[in-house]
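Summary of the model geometry
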Amino acid sequence: MVEIPEEPVYDVIIIGGAAASLTAALYAARRAMKTLVIAKSIGGQAAMTDVIENYPGFLSIGGIPLINKMLKQAMKAGAGVMYEEVNGIEEVPNANDGKPMFVIKTTSGNNYKTKSVILSYGKTPRTLDVPGEGEFGGKGVSYCTVCDGPLFKGKKVAVVGGGNSALESAEYLSKICPKVYLIHRRDQFRGFEYLVEEVKSRKNIEILYNSVVKEVKGEHTVHSIVVQNTVTNETREVPVNGVFVEIGSVTKTEFIKHLVKLDQLGQVVVTNNAETYYPDKDDVRPGIFAAGDITQTPFKQIVVSAGEGCKAALQAYNYLA
């Protein structure tokens, strides 16, 4: 009779495929932890950035080459990678040491068993869903002003949105760009009043109220956008070299809300050491850690995510040890 081998049990499974995840994988694997990364794809928001100039150690590097270096380094250290989408996590009894065990479920129908979990799959920027947006992603269309703003110094740009992030983006870009169009679908802003007043005081910021972007145009890069007034239905073509989409992001945490505490934005609440909490009390949740943009950490930058991923891996190691 042929014995069927049991499914492997991982020391840690890391959900996500960007800076936080791959850094966590590197540090976990180097601590001789049996490590698996499960991600729908590799790259995250960094992969949508053509040029990164604020990651230590590189004067300039593309987002995809940077992430590929992280992936190669993590795999060389011993981390495994599976390209699947996670849609469920279940805690199961563990009679060996009393610590919880977790089963990671994927849309492909596969299950993976692990002693600990690191949630680090980030947030997904909301898109305009208009013609040309996808085509010119990383070629003039950006979802991160802090990352890509300096690349548009001396050029005309547009910022889309009406909240604090859009106002801050417009204010920042007005310092380095001769013309900034701020496009807002309503007639009033939702951001802080002092930001609104600051933006209105900048002579090179033109605010287009009751307006939406209908199309992004260009050849090799963006050269204009089509803007429609929602009151009059009139359209105009606005010449710009860059479009910064600042309309928020989506945090896909519905499938983990029964396990960990989330804030009002759906972000995972963590301690300073990347530990999570139970959803209904302030006690630390054993075995589940989180890092990067999925957490309440306010600074959504690649270098911050990498650092948080390191902390999560080391904390997971300490937990198992």
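Look up a bit, the structure's there.
Just so it is clear, the model here is predicted, and its values are computed rather than measured.

1. Remarks on the sheet that holds strand β17 (residues 242–245)
An order of β10-β17-β11-β12-β13 is seen for the five strands of this open sheet, with the pairing classed as parallel. The strands lining the two open edges of the sheet, one partner per strand, are β10 (141–142) and β13 (205–208). Pairing of strand β11 (residues 156–160) with β17 involves four bridges; the strand directions are parallel. Its bridge partner being in β17, V159 is matched across the sheet by F244. Sheet contacts for helix α4 (residues 164–173): β11, β12 (179–183), β13 and β17; angle to β11, the most-contacted strand, approximately 165°.

2. A short note on unusual backbone geometry
Phi is positive for N210, close to 50°, though the residue is something other than glycine. If you trace the backbone, N210 turns up in the loop between β13 and β14 (211–218). In this structure, A274 is a non-glycine residue whose phi angle is positive, near 70°. When you line up the elements, A274 lands in the loop between β18 (249–250) and β19 (275–277). Here A274 falls in the buried class, since its relative accessible area comes to 1%.

3. Some words on the sheet that holds strand β15 (residues 222–229)
Spatially, β14-β15-β16 is the arrangement adopted by the three strands of the open sheet, whose pairing is antiparallel. Whereas interior strands pair on both sides, the edge strands pair on one side only; in this sheet they are β14 and β16 (235–239). Going across the sheet, the axis of each strand differs from the next one's by a mean of 25°, ignoring polarity. The pairing of β14 with β15 spans seven bridges and is antiparallel. The residue of β15 that forms the bridge with E215 is V226.

4. Regarding the packing of aromatic side chains
A full pass over the atoms with the stated rule returns six aromatic pairs. For the ring pair Y121 and F255, a centre distance of 5.9 Å and an interplane angle of 25° mean the geometry is stacked. Of this pair, Y121 sits in the loop between β8 (117–119) and β9 (124–125) while F255 sits in the loop between β18 and β19, and the two are 134 residues apart along the sequence. Taken together, a centroid distance of 6.0 Å and an interplanar angle of 15° make the contact between F192 and Y194 stacked. Judged by its relative accessible area of 47%, F192 is partly exposed. Positioned over the ring face of Y181 is K179, at 5.3 Å from the centre of the ring.

5. Observations concerning the environment of S169
Within the fold, S169 resides in helix α4. With a relative accessible area of 6%, S169 lands in the buried category. Within polar-contact distance, the side chain of S169 engages the backbone oxygen of S165 at 2.8 Å.

What counts and what doesn't
Residues numbered from 1 in each chain as written. Predicted model: local features only at pLDDT ≥ 70, side-chain atom pairs only at ≥ 80, totals over all residues. Heavy atoms only, no water. Pairing = 2+ DSSP bridges. Helix = DSSP H or I, 4+ residues; strand = E, 2+ residues; numbered from the N terminus. Contact = heavy atoms within 4.5 Å. Axes fitted to C-alpha atoms, helices over the stretch in contact; angles between N-to-C directions. Buried < 20%, exposed > 50% of the residue type's maximum accessible area, 1.4 Å probe, protein only. Phe/Tyr/Trp six-rings, centres within 6.5 Å; stacked < 30°, edge-to-face > 60°. Lys NZ or Arg CZ within 6 Å of the ring centre and 35° of its normal. Polar contact = N/O pair within 3.5 Å; in protein donor to acceptor, adjacent residues only side chain to side chain.

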